[in-house]
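Fold and geometry: a report
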Amino acid sequence: PHELSDQGETVVTILDAKARQPGRNIAWRGEDGRSGAMLVAAGTRLTPVVLALAAMAGFTTVAVTRPPRLALVTTGDEVGGGGAAGIIDSNGPFLTGFAASLGLAAVHAHAGDQEDMLRQTLAAAADQAEVIVTTGGVSAGAKDLVPAVAADAGFSKVFHHLAIQPGKPVLVMRRGERFLVGLPGNPVSVVATAHLILLPLLCRLLGAPAPVWLELPLTAPAINRGQRQQFLPMRLTAGGVRPIAWNGSGDLIAAAAADGLIDLPVGASLSPGALIRVLPFVGWQAGATGRLPDRVPRH
């Protein structure tokens, strides 16, 4: 209540006992963070909120890691060709978008299945980028030229072939501070190995944390009868996650309808409710997946 004093001044009487407690409704100096406290640690991605925090702390400049430059090299005489035998390049657009989702720019070139052309293309890529990403040409066929041509260019093998499905022929090589990541040619193999192999490397070069795997319950059975660890397209559901039926490493439609990958070890036979490791796709957003059309049954 308000009342006038003898001097004509307004007197306010506070009746709420809690409101009269000392220290209430005061923002104390240092209660959010004391002087010298770490606010933005090395390896923190500068999201809009983190940038706002740095500005609030009085910083107009911060030390950052220069992002690695990427050069994407698709390979194969059959890719991009005309006529019924031509295969439309989907790997180039995928990897360009993959890089952009990480805030990285990438140049893109294509090389046919000729040693001289591939050698020149890889040399130009090494002049432009710290990370060269190739697609195709890393398996065991006569025209799988990437490992030998890269070795001739001074790259040393880190590993070649992993017991995974899809993506078994994946290759990683290194020359000094430059890396070559050879992804297989089939589009779902590219999607899987880009997340499993390329993404951790880029995070390391960016000084960023490694990709985070989640553990979620299955809402449908998941069985691996093969001899390789499977990383399969999955879809998030209200109660957890379920694998998407797919037709192999060429089934980009299934991958585009997925939210990420599940990790299914060899011999796994999991029932609904079992926890499974899940890696969301780079750039994933709820509801931003493709449509999974009705499938024609295999005969």
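Look up: the structure comes first, before these words.
Fair warning: this is a prediction, and the values are worked out from it, not measured in the lab.

As for the pairing of strand β13 (residues 240-243)
On a regular strand, one side chain projects to one face of the sheet and the next to the other, so that they alternate. In terms of strand pairing, strand β12 (residues 229-237) meets β13 through four bridges, oriented antiparallel. Counterpart to arginine 235 in the pairing with β13 is arginine 242. Linking two consecutive strands that pair antiparallel, namely β12 and β13, is a turn of two residues.

Observations regarding the environment of arginine 235
Its place among the elements puts arginine 235 in strand β12. Counting along the chain gives 45 residues from arginine 235 to proline 280, while the straight-line C-alpha distance between them is 9.5 Å. Other than its neighbours up to four places away in sequence, arginine 235 contacts Gly240, Val241, Arg242, Ile244, Ala257, Asp259, Thr289, Gly290 and Leu292. Here alanine 257 takes part through its backbone oxygen, which lies 3.2 Å from a polar atom of the side chain of arginine 235.

Notes on the pattern of salt bridges
Scanning all chains against the criterion turns up eight salt bridges. Taking the shortest distance from any N to any O, the salt bridge between glutamate 115 and arginine 119 comes out at 3.5 Å. Here glutamate 115 pairs with arginine 119, and both are found in helix α3 (residues 115-128), just four residues apart, close to one helical turn. Look at arginine 119 and you get partly exposed, because its relative accessible area is 33%.

Overview of the layout of surface pockets
Any empty space left between the atoms is revealed when a probe the size of a water molecule rolls over them. The calculated volume of the largest pocket comes to roughly 650 Å³. Here the residues of the lining of the largest pocket are counted per class, giving 19 nonpolar, five polar and one charged.

Calculation criteria
Residues numbered from 1 in each chain as written. Predicted model: local features only at pLDDT ≥ 70, side-chain atom pairs only at ≥ 80, totals over all residues. Heavy atoms only, no water. Pairing = 2+ DSSP bridges. Helix = DSSP H or I, 4+ residues; strand = E, 2+ residues; numbered from the N terminus. Contact = heavy atoms within 4.5 Å. Polar contact = N/O pair within 3.5 Å; in protein donor to acceptor, adjacent residues only side chain to side chain. Salt bridge = Lys/Arg side-chain N within 4 Å of Asp/Glu carboxyl O. Buried < 20%, exposed > 50% of the residue type's maximum accessible area, 1.4 Å probe, protein only. 1 Å grid on protein atoms, 1.4 Å probe; cavity = no way out; pocket = protein on both sides within 12 Å on 5 of 7 lines; lining within 4 Å. Points joined across faces, edges and corners; volume = space filled by probe spheres on them. Nonpolar A, V, L, I, M, F, W, Y, C, P; charged D, E, K, R; others polar.

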